[in-house]
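A closer look at the structure
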Amino acid sequence: MGTATSEETVVRAVLGNCVAVTLFDAENAFGGMSHFLYPASPSRTLSTAQYGNIAIPTLFQLLRQNGA
């Protein structure tokens, strides 16, 4: 799951078996965060935004769409 905003925002995430990635474009004052899981086993499908291989490109897309 990802989010992007140009509003000043405090973002918090509780991390367990997951990763949080935050990106900030200082020139355009725009940033975003993606919070995603590690797969529980290699056999689980990875074609969903709850995993990094989809979550990170989605975050980049959100940032690009909003001028970052």
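Quick note: structure is the one above.
Computed from a predicted model, the values in this text were never measured in an experiment. (Residues numbered from 1 in each chain as written. Predicted model: local features only at pLDDT ≥ 70, side-chain atom pairs only at ≥ 80, totals over all residues. Heavy atoms only, no water.)

1. Section: the overall build of the protein
Of regular secondary structure, the protein possesses one helix and three strands. Residues classed as buried in the protein amount to 19% of the 68 residues present. The contacts of the protein with a sequence gap of at least 6 include a subset with a gap of at least 24, amounting to 43%. Carbon and sulfur atoms make up 55% of the accessible area of the protein, which totals about 4900 Å². (Helix = DSSP H or I, 4+ residues; strand = E, 2+ residues; numbered from the N terminus. Buried < 20%, exposed > 50% of the residue type's maximum accessible area, 1.4 Å probe, protein only. Contact = heavy atoms within 4.5 Å. Areas by Shrake-Rupley, 256 points an atom, 1.4 Å probe, with all protein chains shown as cover.)

2. A closer look at the pairing of strand β3 (residues 30-37)
A large share of β3 lies buried, amounting to six of its eight residues. Bridge count between strand β2 (residues 18-25) and β3: eight bridges; the pairing is antiparallel. If you follow Thr 22 over to β3, its bridge partner there is Met 33. The hairpin turn running from β2 into β3, its antiparallel successor, is four residues long, and Ala 29 in that turn takes a positive phi close to 50°. (Pairing = 2+ DSSP bridges.)

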